[in-house]
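Summary of the model geometry
Each chain is listed here by its residues.
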Amino acid sequence: MLDDTDDIHSLFNGAPKTAEFKKLRKRIIRETREAIERYGMIERGARWLVCLSGGKDSYTLLAALVELQWRGLLPVDLLACNLDQGQPGFPATVLPEFLKRMGVPHRIEYQDTYSIVMDKVPQGRTYCALCSRLRRGNLYRIAREEGCSTVVLGHHRDDILETFFLNLFHGGKLATMPPKLLNDEGDLFVYRPLAHVAEVDCDRFARAMGYPIIPCDLCGSQDGLQRQAIKQMLDRWETASPGRRQKMFSALMSARPSHLLDPDLFDFAGLTRSVAFEQNSTD
């Protein structure tokens, strides 16, 4: 059904006809649907705010969700949203024109958080934390104004892995970006439907479709970021042992609290020997 040329959403117009691309497209949609179902993301009749930055990941997210909705597999309303944060040189017309041409309902919001970040962050420090907080606050506000119950982000498998190692190496905790999160106020969900999708697949897909990629000139322009170091480490591991990333990601889905060290997750103090073992040991 995904290959029917007469039954295709406009986001897929001009898609390559190669077998390789068809496999890529099917894999992305299958993995997106798996994550949506595995983590219980569907609330029938809900309205999702799909955050679109103009990067490869958010284009892939939008295409996959629209395709699933188009085929009746995602019974929710979708509203694409771009937050123009006032970065100098940002091509403000690219996304509105693209979304209008594709027939995707959308909202474009302008908030100059760039100036705030540049003013508040000392020279030499990374922009990411403050930029992210300001962006998230505005997206929550927009979701409420639009009657959306969920903010949907384009983080993929590799983002989740990198965050895990950032927390492990620099935060001293086992934690990462969850695929489904309730915000602190308790009124909005945050979803990451690309949780199972590899970054390389997002890149291949967006480039093959010729989507107008907009690079990040703020956080993405800084050198020496801890996330960059983690990404390079994972790249080396993947080169030495192909499939290592997926193996590690599978481990995140198969945690065993009894084999870790957190007494809040497992009652070590209350762990007792079985009655049968105790009887045998006294015979």
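So, how was this worked out
- Residues numbered from 1 in each chain as written.
- Predicted model: local features only at pLDDT ≥ 70, side-chain atom pairs only at ≥ 80, totals over all residues.
- Heavy atoms only, no water.
- Axes fitted to C-alpha atoms, helices over the stretch in contact; angles between N-to-C directions.
- Helix = DSSP H or I, 4+ residues; strand = E, 2+ residues; numbered from the N terminus.
- Parallel < 35°, antiparallel > 145°, perpendicular 65-115°, else oblique.
- Contact = heavy atoms within 4.5 Å.
- Nonpolar A, V, L, I, M, F, W, Y, C, P; charged D, E, K, R; others polar.
- pLDDT = per-residue confidence, 0-100.
- Core = buried A, V, L, I, M, F, W, Y, C linked by side-chain atoms within 4.5 Å.
- Buried < 20%, exposed > 50% of the residue type's maximum accessible area, 1.4 Å probe, protein only.
- Phe/Tyr/Trp six-rings, centres within 6.5 Å; stacked < 30°, edge-to-face > 60°.
- Lys NZ or Arg CZ within 6 Å of the ring centre and 35° of its normal.
- Patch = residues over 30% accessible without salt bridge, like charges linked within 9 Å, V, L, I, M, F, W, Y side chains within 5 Å.
- Areas by Shrake-Rupley, 256 points an atom, 1.4 Å probe, with all protein chains shown as cover.
- Salt bridge = Lys/Arg side-chain N within 4 Å of Asp/Glu carboxyl O.
- Pairing = 2+ DSSP bridges.
- Right-handed = clockwise from strand over helix to strand, strands pointing away.

Observations regarding the packing of helix α8 (residues 226-240) against helix α9 (residues 244-252)
The N-to-C vectors of α8 and α9 enclose an angle of 115 degrees; their axes lie 8 Å apart at closest approach. When the interaxial angle is binned, α8 and α9 end up roughly perpendicular. Here Lys231, Leu234, Asp235, Trp237 and Glu238 of α8 come into contact with α9, specifically with Arg244, Arg245 and Met248. Among the residues making up the contact of α8 with α9, the classes are represented as three nonpolar, no polar and five charged.

Observations concerning the confidence of the model for the protein chain
In low-pLDDT regions, the fine details of the predicted coordinates are not to be read closely. Mean pLDDT over the protein chain: 89, with 88% of residues reaching 70 or higher. Per-element mean pLDDT across the protein chain ranges from 56 in helix α10 (residues 275-282) up to 98 in strand β4 (residues 150-152).

A short note on the nonpolar core
Of all hydrophobic cores here, the largest spans 40 residues; its most connected members are Leu11, Trp48, Leu62, Leu65, Phe205 and Tyr211. Secondary-structure elements contributing two or more residues to this core are α1 (19-38), β1 (47-51), α2 (56-70), β2 (77-84), α3 (94-102) and α7 (199-209). Those residues in contact with Leu62 that sit more than four places away from it in its chain are Leu11, Val50, Leu52, Ala80, Leu99 and Val104.

A closer look at the packing of aromatic side chains
Tallying each qualifying case throughout the model produces 12 aromatic pairs. Pairing Tyr59 with Tyr211 gives two aromatic rings, centres 5.2 Å apart and planes at 25 degrees, and the pair type is stacked. Note that Tyr59 is positioned in helix α2 and Tyr211 in the loop between α7 and α8, a separation of 152 residues in sequence. Each ring, one from Phe164 and one from Phe165, has its centre 5.3 Å from the other, and the planes form 80 degrees; the classification is edge-to-face. Looking at Phe164, the relative accessible area reads 16%, which means it is buried. Among the aromatic side chains, those forming a connected cluster through ring pairs are Phe12, Phe21, Tyr59, Phe98, Phe205 and Tyr211. Sitting over the face of the ring of Phe12, Arg25 holds its NZ or CZ atom 4.2 Å from the ring centroid.

What about a nonpolar patch on the surface?
A cluster of nonpolar side chains, namely Leu168, Phe169, Leu174 and Leu260, defines an oily patch on the protein surface of about 360 Å² accessible area. Relative to the assigned elements, Leu174 resides in the loop between α6 (157-171) and β5 (180-182).

A closer look at the pairing of β1
When you tally the buried positions in β1, you get four out of five residues, the bulk of the element. Looking at chain direction, β1 and β2 are connected through five bridges and run parallel. From the neighbouring strand, Leu49 faces β2, where its bridge partner is Leu79. Since β1 and β2 lie parallel, the crossover through α2 that links them has a hand, and here it is right-handed. Inspection of the sheet shows β1 paired to β4 by three bridges, in the parallel sense. When the sheet's bridge partners are listed, Val50 is paired in β4 with Val152.

So, the packing of α2 against α7
Two elements in contact, α2 and α7, have axes separated by 8 Å at closest approach and are oriented at 80 degrees. The angle between the axes of α2 and α7 places the two elements in the roughly perpendicular class. Every residue of α7 that contacts α2 at Lys56, Asp57, Thr60 and Ala63 is listed here: Glu199, Cys202, Asp203, Phe205 and Ala206. Residues belonging to the contact of α2 with α7 are distributed by class as follows: four nonpolar, one polar and four charged.

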